[in-house]
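Each chain, written out:
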Amino acid sequence: MSKVFVLDTKKRPLDPIHSAQARQLLRNKKAAIFRRFPFTIILKESSVVDAPVSNIRIKLDPGAKITGISLVNDSTGEVIFAAELKHRGFTIRDALNSRRQLRRGRRNRKTRYRKPRFLNRTRPDGWLSPSLMSRIHNVETWVNRLRKLAPIAAISTELVKFDMQLMHNPEIEGKEYQQGTLAGYETREYLLEKWNRQCVYCGVKNVPLQVEHIHPRSKGGSNSITNLTLSCEKCNIKKATKDIKEFLKKDSAKLQKILAQAKKPLANAAAVNATRYKLLEVLKSTSLPVECGSGGLTKFNRTSQQLTKTHWIDAACVGKSTPTLNIKGIKPLLITSNGHGTRQLCRTDKFGFPNRYVPRFKFVNGFQTGDIVKAIVTNGKKIGEYIGRVAVRSTGSFNISAKQGLIQGINHKYCSTIHRKDGYSYGF
Ligand SMILES: [Zn+2]
């Protein structure tokens, strides 16, 4: 079961509690709701709940579109909270592209032209594009938010796809490549990626592939990763202990291709992921201990515990510290990043001409577009209860996108805020 976050009277995080206990505290008026997403309560009197144990670890599986987040209790293996954070990379890219094109269009009009005065287009070291930075900021925001809600003592994040150190280990023997040990597992995953998940000799796909020595061991071939490839069972038996040059002597084109591919540097496939390294720097600045894991290790942990593949489960499986997980009853909170709107005071049409002015003040009667509100309408055609995201209108008559659909023209008097706009939308 997902647990409920608890704050003490001074807003310090306590150990998360069971939702039934939280309900009881709320019913007895010993606590109040502090935040809806993620659900957090604040105690009205001190020392109702035990002191925090603070061995909770926040675990991250950063992805291009979605980042998995899990809070795991290291000593019990219990998953306390899980979330999937959806980034807005492409929205940012599209918005910047459109702005760039509009500006270019304006500059190309036959108007006064002023030469550029100085070079103001330099980029600082370690610059990442705004869409990539937004992912890092999203994760940073959520790590900081969750630290305020739970006694988090450590961070784990997935840094690289393959652990190169493990694969340089020349001690692995044939059998271990067949998913037995972690090193073998990681090597196999790496080879699958490198050799395109197909048999190098006949090109067959979607069959079990075996790890193969290009220069056979019996003839002095090494166990190094550059001497390994994948083949189907048929080809493996056919090749047996023949040297590759002898086995492929009729097809020299294929032979050259395989030999060239085998030598390709390892670093290539382990693609140094700038975003993840930047994120690591950000996480280290929290002064919590940060553990890094590889994608191979994550998959090894997940498959050895027979868990299904989702972003939050992958996050829970990151790193060597992973205990035997208890994920019973966990429903991840689905968080979508929406940004905080625009600073433009005037929107343009598709030709770049001004056409719609944005109101100077975002707040109307204390509400802001994006707030989640509850409206209990007691009068008129729209009697009923509606919960959803509000779009404010300066007339004071709002639109609410509720479960029932878009409800228009709800007077602000009927509305009360449940969750203030914070740049994210939520679902389960
Ligand atoms: Zn084959």
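Along each chain, the written sequence defines residue order, and numbers are assigned to residues from 1. The model is predicted, so local features are restricted to residues of pLDDT at least 70 and side-chain atom pairs to those at 80 or more, both for listing and for counting; the totals for chains, interfaces and linings are taken over all residues. Excluding hydrogens and water, the side-chain figures rest on all heavy atoms present in the structure.

**Comments concerning the sheet that holds strand β21 (residues 415–419)**
Consideration 1: When DSSP locates at least two bridges between a pair of strands, those strands are taken to pair. Helix and strand labels come from DSSP, where a helix needs a run of H or I of at least four residues and a strand needs a run of E of at least two; each type is numbered from the N terminus. In space, the five strands of this open sheet follow the order β20-β19-β18-β17-β21, with antiparallel pairing throughout. Where the open sheet ends on each side, the last strands, each with one partner, are β20 (405–411) and β21. Going across the sheet, the axis of each strand differs from the next one's by a mean of 40 degrees, ignoring polarity.
Consideration 2: Where strand β18 (residues 384–391) lies against strand β19 (residues 397–402), four bridges are found, and the strand directions are antiparallel. Each residue of the ladder has a partner; that of V390, found in β19, is I400. Geometry is summarised by axes, namely lines fitted to C-alpha atoms with helices restricted to the contacting stretch, and by angles between N-to-C directions that run from 0 to 180 degrees.

**Brief notes about the domain arrangement of the chain**
Consideration 1: On domain assignment, one finds that the chain holds domain 1 (4–43), domain 2 (56–88 + 129–157 + 272–337), domain 3 (165–263) and domain 4 (359–422).
Consideration 2: Using C-alpha coordinates to define each centre, domain 2 is positioned 33 Å away from domain 3. Residue ranges labeled as domains rest on an automatic or database domain assignment.

**A few points about the sheet that holds strand β4 (residues 40–43)**
Hydrogen bonding along the main chain pairs the strands of a sheet, whether they run parallel or antiparallel.
Consideration 1: Here we have four strands laid out as an open sheet, ordered β2-β1-β4-β3, and mixed in their pairing. Each end of this open sheet is capped by a strand with a single partner; those strands are β2 (13–17) and β3 (31–35). Sheet twist, expressed as the mean angle between neighbouring strand axes with direction ignored, is 35 degrees.
Consideration 2: Taken together, the three bridges between strand β1 (residues 4–7) and β4 define a ladder with parallel strand orientation. Looking across to β4, one finds that V6 is bridged to I41.
Consideration 3: We call two residues contacting when some pair of their heavy atoms lies within 4.5 Å. Across the sheet, helix α3 (residues 130–149) touches β1, β2, β3 and β4, and the angle it forms with β1 is around 65 degrees.

**Focus on the side chain of D422**
Consideration 1: Mapped onto the secondary structure, D422 falls in the loop between β21 and β22 (424–427).
Consideration 2: Separated by 3.1 Å, the side chains of D422 and R35 make a polar contact.
Consideration 3: Here a polar contact is recorded for every N or O atom pair within 3.5 Å, except that within protein the pair must consist of a potential hydrogen donor and a potential acceptor, and residues adjacent in sequence are included only if both atoms are side-chain atoms. Among the polar contacts made by the side chain of D422, one reaches the side chain of H419 at a distance of 3.1 Å.
Consideration 4: Residues contacting D422, with those up to four places away along its chain left out, are R35, R145 and H340.

**As for the coordination of the zinc ion**
Consideration 1: The rule for donors is simple: N, O or S, within 2.8 Å of the metal, or within 3.2 Å if the metal is Na, K or Ca. Water isn't counted, so a site may look like it is missing partners. Those donors, C199 (SG), C202 (SG), C232 (SG) and C235 (SG), are the protein atoms that reach the zinc ion, and they lie 2.2 to 2.3 Å from it.
Consideration 2: Read in sequence order, the donor residues for the zinc ion give the motif C-x2-C-x29-C-x2-C.
Consideration 3: For C199, a relative accessible area of 1% corresponds to the buried category. To sort residues, take the accessible area from a 1.4 Å probe on protein chains only and compare it with the maximum for the residue type: under 20% means buried, over 50% means exposed, and anything in between is partly exposed.

**Some thoughts on the pattern of salt bridges**
Side chains that carry opposite charge are capable of pairing whenever their charged atoms lie near each other.
Consideration 1: We define a salt bridge as a contact between a side-chain nitrogen of Lys or Arg and a carboxyl oxygen of Asp or Glu at a distance within 4 Å. Following the criterion strictly, the structure yields 16 salt bridges and no others.
Consideration 2: Residue K299 pairs with E189 through a salt bridge whose shortest N-O separation is 3.1 Å. With K299 in helix α11 (residues 295–304) and E189 in helix α5 (residues 182–194), this residue pair connects regions lying 110 residues apart in the sequence.

**Quick look at the packing of helix α2 (residues 89–107) against α3**
Consideration 1: Across the interface, α2 lies against α3 with an axial gap of 8 Å and an inter-helix angle of 145 degrees. Considering only the axes of α2 and α3, their crossing is right-handed. Side by side, α2 and α3 meet where G89, I92 and L96 of the first sit next to P130, S131 and S134 of the second. When the near helix sits turned anticlockwise from the far one by under a right angle, the crossing is termed left-handed; a clockwise turn instead gives a right-handed crossing.

**Let's talk about the packing of aromatic side chains**
In this description, an aromatic ring pair is defined by two values, namely the gap between the centres and the angle between the planes.
Consideration 1: Note on aromatic pairs: the rings of Phe, Tyr and Trp (six-membered ring only in Trp) are paired at centre separations within 6.5 Å, and the planes decide the class, stacked below 30 degrees, edge-to-face beyond 60, tilted for the rest. A full pass over the atoms with the stated rule returns six aromatic pairs.
Consideration 2: Ring geometry for W142 and Y424: centres 5.5 Å apart, planes at 80 degrees, overall edge-to-face. Highlighted residues: W142 in helix α3 and Y424 in strand β22, separated in sequence by 282 residues.
Consideration 3: Residue class for Y424 comes out buried when judged on its relative accessible area of 11%.

**Concerning the nonpolar core**
Consideration 1: I58, L71 and L146 are the most contacted members of the largest nonpolar core, which has 33 residues in total.
Consideration 2: The element contributing the most residues to this core is α3, with seven residues.
Consideration 3: Looking at which domains feed residues into this core, each of domain 1 (4–43) and domain 2 (56–88 + 129–157 + 272–337) gives three or more.
Consideration 4: One finds F162, V200, I214 and I225 within the second-largest nonpolar core, a separate group that totals 23 residues. Here, nonpolar core refers to any group of buried Ala, Val, Leu, Ile, Met, Phe, Trp, Tyr and Cys residues whose side-chain atoms link them within 4.5 Å.

**Quick look at the side chain of R276**
Consideration 1: Following the sequence through the fold, R276 ends up in helix α10 (residues 274–284).
Consideration 2: Judged by relative accessible area, R276 falls into the buried class, the value being 14%.
Consideration 3: Separated by 2.8 Å, the side chain of R276 and the backbone oxygen of P62 make a polar contact.
Consideration 4: Ignoring sequence-local partners within four residues, the contact set of R276 consists of D61, P62, E158, L159 and V160.

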